[in-house]
Each structure stands twice: as structure tokens, then as C-alpha cells.
Amino acid sequence: MILERLKTIVDEHLIYEGDLTPETRMVEDLGADSFDIPLLIDAAEQEFNVLISDQELLKIRTIGDLISLINKNEEAGG
Amino acid sequence: MAVDRFLRSSAQRVPTKTAVACEDFNISYSSLDQEVDNLAGGLLKSGLAHQGKVGVLLGNTPDYFRSYFAILRSGGIIVPINPLLKANELIHIFKDAEITHLITTERFLPLIENIRPQVPKLQKVVVTQLAGGQDSLPEHLICFEDLLAEKYDPVFLEIQEDDLAACLYTSGTSGKPKGALLSHGNLMFDALQSIKRTTMNSEDRHLCILPLFHSFAQMSCMVMPISLGGCVRIIPQFIPGLVIKEIEDHSISFLCAVPAMYTALLSALTKIGTYDFSSLRICVSGGAPLPREISREFKTKYRLEILEGNGPTETSPVAYVNPPEANKPGSVGPPLDEVMVKIVDDNDLEVSQGEIGEICVKGGNVMQGYLNLPKVTAEVLKDGWLHTGDLGKVDEDGYVYILDRKKDMIIVGGLNVYPREVEECLYKHPKVLEAAVIGTHDKERDEVPKAYVVLKPDCETDSKEILLYCRKNLANYKCPRTVVILNKLPKNSSGKIDKKRLKEEESFGLLEVN
């Protein structure tokens, strides 16, 4: 479910090949640069009503990393 | 005298002071100096020849500092490599520079192993954070941490000021990136004059937010602060909120960034609301023109004056910077001391003061030439004058204004992209008949490439396929953000694609889309 909602966000911002999966890499597969990533995170924060810290943001390499953070922050109450 | 002596002398003056810090890690000047000796000794032991080329393919980490100074200390030439480049772009650089050694991280190892058969000159690959350490490694791989740990006596080699220190690849108008050769003398001259102009001092605390493969970062965040014994904090990735926090938490006093970063910081500051920038003494912007409204907003809202400077990679790279005591927004400042600037017309004749022409620079920071390209070197370096390709003027006080570009170039978040290189990639697409790439405004990156293509007869495709094709062959920042398929491109009377008309028609929405 999170993946599907993330797909809507990613599709609005970036162009990529194949399916979006937890293994999809932000830079290599999505072509995201250091300006795209904060935009995606902002959109994800709004969509899932969570707050992702800048330190956490540094560690995001894949869509799976982002899903884990959303899960963790949702459990912690945003 | 070589660039690494800057580190050696700071290690003698302030041995216990923190030289470099990143997240929870920090290293003192004496420890950094010792590790640089160890790494230099290890590189020499592994067969690095005098003036041999060493590629550095690393992100923003303290290992960049270790590698940079160790390569120079061992008499090698550093070839910084943009980690965003794709396999075919890397192969061109490895072959052109005849790189024998590479320092990289495990993350890039699969890519390197993939291209290694095509770059036979590459002998040794030194890998940081190698899982499993040195045990049973193939002969060409060396564990970076093992080299750091093996203690060497101080390495002192005979290095002359005109020995080469760096080969910096810049995108080229001709399509392929070319290597600008900078000597130890060039870099030392530029560092000392830039320090003097910006009033950087030994007490300054720096935040390195620029990518270290970029010449602006190497000079302003590494060579200059290390020569003074300053403290440099590195952040691995530009995240505006993190930059603001680091400035506050670590009392950063000196910040260098590209305009796109200042724009992103402004937007983050508006969101955050509270901040403490009282430690921030000097902010420098370079790499692209700084929009006046950005500098005005920083000054009025945050009481921060941004000093604009500039210079191409070929000038090490600083050629002009505004002095803090006499900043003129809109100008890139006067040339550094002992650097001359003249403005010339199309016949290479100097124009009168205030007139617009090509900006030429002469001084101790001007490169030695382009690697393997004597003809191109002769075209841009005439009688010691570097023809920058920037169009501008000099005012009555000697301040330089960059107004336009003579060469067809797009600056994407501070990184130069030559449309020709992107167009060559598009022409390789089997369905593309004609292609033209122009720069369009982008809120985050200032400018981004936009491609217009005409397809071959009876061919069908969509813009996504063409964009993904570019992504496979070009670094992401060079790829067009938009691809438009047209029935025809505007041409001039001689049948050449008319980019000026293309830009005009684009801005008025007059293009006939397929």
C-alpha cells in the first residue's frame, strides 16, 4: 500500500524504467539528484503525515529505505 | 614547494587542532598528516610513477582529503572523477588520462570492474570500506584502510612548482570532456590570492557542502582552509535543513556554495523560521551567476552579504572575487591580485573600458593546457591569456561583470553541461534524426537541459524512451529534464539548426509539436 502511494508521488516527479520496487535505487534507477530527493521526501511527508529527519534523509538509498522510515515514523506517531 | 606542504606546515603549527570532521568523526592535523604520509608511501610502493595519474572516485568524505594530499605528496597527479558519470563517460576519462591508479569506494567497485577490461592502463584500485578487508583480494585491489594503517616516515619528494598536480575534466564544446592541467604553482597561487581576497583566516570554521569532485570545492573547502590550519566539516550530501543545523551547531564562519544551494537554503529558512547564523562571517557564491534577488533576500532578511566570485576550472578555478569590504552585487568582483583581466572583441583586440566582449584572464592561476589537445589549448591560451568563453565587461573600478556566454553551455546547479555532448548522445539514438538542446529555467537548479528532437521517417517513440536512453549514457545532471518531439527544427539560411530561433519560439510556444 505504501509502495503504491509512493509510486504516485515518484511518477509525478521522475521518469524511470520498469516497475517501482523496494529495491529501486533513488540515484541510479530513478535518476534523482540532490535537488529531487528533498522534493520527494517533502511530498512523502505530506502524503503519510510523517516527519523524516535530515539525518535519516542522508541514509536513504532505495525506495525500500524510504518505506522503512515511513513505517518507523508512522509507528512512532509521525 | 608542493601543495601538500600546506598540510605539512599546518600539522607543525597546529598539530592537535581538528583538521577535518564529518558527523561524529574528526581527525587532527598531525594525524591527518601522518595518514597522508602512510597513503603516499603505500601508493609509491604499489608502483605509482612520478606524475602518474590517480583517479579519485569518492563522495564527500574525509577520505577525499587523505587521498588528495597523498597523491600530491607522492608526486602523482589527481584526476577527480564525478561520481555521477556513467560507464562510457568514465572510460573516456580513464583512457584519455591514462589513469594507472584509482581510489574509490566499494559502492563503485562493480562499475569499475565492469569497465576495467576496456582501460588496460589501470593497474591498481584502492578501495575504501572494503568488506572483508585485504584477505584473498585479487592482485589489482588494495584495501585503503590497510594503506592508512601501515606507518611510513614522512615522504619528501622533489616536486617542482611547475610539476602537474591536477587534471580536471571539464565538459567540452566539442562534445567530449577535456582535462585541464593545473600545476602545483597554479593551485598554490590561487589559494594564497583567494585567501587574501576573502580574508579567510586560521580561526575560520568551514562547512563543505559542495561536492568535492568539483574544483570550486577542492580549492575553497580543502586547499585554502588546510593551508591556514582551519577546521573543515564535511556533509556527505546537500540537505538544506542539515546545512542550517550544522552552521548553528558547529559555529560555521565561512561558507562556499553555488547559487542553487543558496536558493534552496532560503526556501528551507522560510520553513524553519528560527535559526542562528551569528557565527557566519563570510558567504561566497561561485560556479554560476547569483540572481540579484537571492543576494538581496539574504542581506535584507538574514543580514548576510554573499560575495560573488567566479572563474573557470582553467583558472584553478578562482579568477575574481568580491572583497568583503567592497562588495558589488551583480559583479563577480575584481580579478585576484597579480591576475590580469582584459576584454576582447571577435578579432581578439582589446575593447575600451565598459564595453562588452570576451573575458580573458592572465596570471599564476592559469592552467598549463589541456591534456592531449595542443590545438584546442592554442585556441584558448594565446600569449598566456586564457579566453574564458564568458562575455562581460569591466567597470571603472575594475570589477568584472559576466553577462553572457560565448560558448553554448548550460549550468545545472553549478555543474557545466555542454549541449553538444547531450546532442551527440541523442544523435546516437537509432530513431533520432535531428536534435537540439537548450537551457531552460529551473526553480531548484537555475537551469536544466531541454531537448528537441525530430524522428527519422516512419519511426515512432515517446519522450520517455529518449530520456531513458540519455540516462543510460550520460550523468543524470546532463540528461534533459524534458524531451519534446517536433516535426521540424528551425534552421538558418545555411541549413544549420538555429538555436536562437528555437529558444525564441520555445518561449512564445510557437513550436510545432509532433
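Refer to the preceding data block for the structure.
Treat the numbers as computed from the prediction; the structure is a model and nothing was measured.

Parameters and conventions
Residues numbered from 1 in each chain as written. Chains lettered and ligands numbered in written order. Predicted model: local features only at pLDDT ≥ 70, side-chain atom pairs only at ≥ 80, totals over all residues. Heavy atoms only, no water. 1 Å grid on protein atoms, 1.4 Å probe; cavity = no way out; pocket = protein on both sides within 12 Å on 5 of 7 lines; lining within 4 Å. Points joined across faces, edges and corners; volume = space filled by probe spheres on them. Helix = DSSP H or I, 4+ residues; strand = E, 2+ residues; numbered from the N terminus. Nonpolar A, V, L, I, M, F, W, Y, C, P; charged D, E, K, R; others polar. Buried < 20%, exposed > 50% of the residue type's maximum accessible area, 1.4 Å probe, protein only. Contact = heavy atoms within 4.5 Å. Salt bridge = Lys/Arg side-chain N within 4 Å of Asp/Glu carboxyl O. Core = buried A, V, L, I, M, F, W, Y, C linked by side-chain atoms within 4.5 Å. Buried area = accessible area lost by both parts, 1.4 Å probe. Polar contact = N/O pair within 3.5 Å; in protein donor to acceptor, adjacent residues only side chain to side chain. Phe/Tyr/Trp six-rings, centres within 6.5 Å; stacked < 30°, edge-to-face > 60°. Lys NZ or Arg CZ within 6 Å of the ring centre and 35° of its normal. Pairing = 2+ DSSP bridges.

Points about empty space enclosed by the protein
Residues and elements named next belong to chain B.
So, point 1. Across all of its chains, the model carries four cavities of 30 Å³ or more by this definition.
So, point 2. Approximately 50 Å³ is the volume attributed to the largest cavity.
So, point 3. Lining the largest cavity, in full, are Leu-290, Pro-291, Arg-292, Ser-295, Ile-306, Glu-308, Asn-322, Asn-327, Lys-328, Pro-329, Gly-330 and Ser-331.
So, point 4. The set of elements that each furnish at least two residues to the lining of the largest cavity consists of helix 11 (292–302) and strand 14 (306–310).
So, point 5. Grouping the constituent residues of the lining of the largest cavity by class yields four nonpolar, five polar and three charged.
So, point 6. Volume-wise, the second largest cavity comes out at about 40 Å³.
So, point 7. Forming the boundary of the second largest cavity are Tyr-68, Ala-166, Leu-168, Leu-187, Ser-215, Gln-218, Met-219, Val-223 and Ser-316.
So, point 8. Looking at the lining of the second largest cavity, the elements with two or more residues in it are strand 8 (164–170) and helix 8 (215–228).

Thoughts on the environment of Val-232 of chain B
Residues and elements named next belong to chain B.
So, point 1. Residue position: Val-232 is located in strand 11 (residues 231–234).
So, point 2. Looking at Val-232, the relative accessible area reads 0%, which means it is buried.
So, point 3. For the pair Val-232 and Arg-205, spaced 27 residues apart in the sequence, the C-alpha separation amounts to 6.1 Å.
So, point 4. Contact partners of Val-232, with chain neighbours within four places excluded, come to Ala-19, Val-20, Ala-21, Phe-65, His-206, Cys-208, Cys-221 and Pro-225.

Some points on the pattern of salt bridges
So, point 1. In the structure shown here, the tally under the stated rule is 40 salt bridges over all chains.
So, point 2. Here Glu-56 of chain A makes a salt bridge to Lys-72 of chain A, at a shortest N to O gap of 3.0 Å. One end of the pair, Glu-56 of chain A, is in helix 3 (residues 54–58); the other, Lys-72 of chain A, is in helix 4 (residues 63–75), and 16 residues separate them in sequence.
So, point 3. Judged by its relative accessible area of 49%, Lys-72 of chain A falls in the partly exposed class.
So, point 4. Salt-bridge contacts for Arg-8 of chain B lead to Asp-37 of chain B; the nearest nitrogen and oxygen are separated by 2.8 Å. With Arg-8 of chain B in helix 1 (residues 4–13) and Asp-37 of chain B in helix 2 (residues 29–45), the pair connects residues that are 29 residues apart, well separated along the chain.
So, point 5. A cluster of three or more residues bridged by salt bridges with shared partners is formed by Asp-33 and Asp-36 of chain A together with Asp-442, Arg-445 and Arg-481 of chain B.

Quick word on the nonpolar core
So, point 1. Core analysis: the biggest nonpolar cluster contains 189 residues, and Leu-6 of chain A together with Phe-94 and Phe-298 of chain B have the highest contact counts within it.
So, point 2. In this structure, Phe-94 of chain B is in contact with Ile-81, Ile-99, Leu-102, Ile-112, Ile-115, Val-119 and Leu-122 of chain B, ignoring residues within four places of it in sequence.
So, point 3. Counting residues in each nonpolar core, the second largest holds eight residues, with Ile-438, Tyr-452, Val-484 and Leu-486 of chain B among its members.

Side note on the interface of chain B and chain A
So, point 1. Contact residues are listed per partner, giving 20 residues for chain B and 21 residues for chain A.
So, point 2. Taken over both partners, the interface formed by chain B and chain A buries close to 1,900 Å², and the fraction arising from carbon and sulfur atoms is 55%.
So, point 3. Among the residues of chain B in contact with chain A, Gln-237, Ile-239 and Arg-471 of chain B are the three that bury the most area, contributing 24% of the side total.
So, point 4. Across the chain B-chain A interface, the total number found is six salt bridges.
So, point 5. Across the salt bridge formed by Glu-17 of chain A and Lys-472 of chain B, the nearest N and O atoms sit 3.5 Å from each other.
So, point 6. Taken together, the links from chain B to chain A amount to 10 residue pairs in polar contact (both at pLDDT 80 or more).
So, point 7. In terms of residues, the side of chain B that touches chain A owes the most to one element, helix 14 (residues 463–473) of chain B, which gives five residues.

Considerations on the environment of Asp-345 of chain B
All names here are of chain B.
So, point 1. Topologically, Asp-345 is positioned in the loop between strand 16 (339–344) and strand 17 (357–363).
So, point 2. On the basis of relative accessibility, which here comes to 28%, the residue Asp-345 falls in the partly exposed class.
So, point 3. From its side chain, Asp-345 meets the backbone nitrogen of Asn-347 in a polar contact 2.8 Å long.

A word on the side chain of Glu-447 of chain B
All names here are of chain B.
So, point 1. Assignment of secondary structure puts Glu-447 in strand 25 (residues 446–455).
So, point 2. A polar side-chain atom of Glu-447 sits 3.2 Å from a polar atom in the side chain of Arg-405.
So, point 3. The contacts of Glu-447, once residues within four sequence positions are left out, are Arg-405, Ile-410, Ile-411, Val-412, Gly-413, Gly-439, Thr-440 and Asp-442.

Examining the packing of aromatic side chains
Residue and element names in this part refer to chain B.
So, point 1. Following the criterion strictly, the structure yields six aromatic pairs over all chains and no others.
So, point 2. Ring plane angle 70° and centroid distance 5.4 Å describe the contact between Tyr-68 and Phe-69, whose orientation is recorded as edge-to-face. With respect to class, Tyr-68 is no different from Phe-69; both count as buried.
So, point 3. Ring centres of Phe-298 and Tyr-302 lie 6.0 Å apart, and the angle between their planes is 55°; on these two criteria the pair is classed as tilted. Within this pair, Phe-298 and its partner Tyr-302 are both found in helix 11, separated by four residues, close to a single helical turn. Note on accessibility: Phe-298 and Tyr-302 belong to one class, buried.
So, point 4. Ring pairing ties together the aromatic residues Tyr-262, Tyr-275, Phe-277, Phe-298 and Tyr-302, which thus form one cluster.
So, point 5. Lying over the aromatic face of Tyr-370, Lys-178 brings its terminal NZ or CZ to 4.9 Å of the ring centre.

With respect to the pairing of strand 17 of chain B
All names here are of chain B.
So, point 1. Of all seven residues in strand 17, five are buried, a share of seventy percent or more.
So, point 2. Across six bridges, the pairing between strand 16 and strand 17 is antiparallel. Opposite Ile-343, over in strand 17, you have Ile-359 as the bridge partner.
So, point 3. Alignment of strand 17 against strand 20 (residues 385–394), held across four bridges, turns out to be antiparallel. Its bridge partner lying in strand 20, Cys-360 is registered against His-387.

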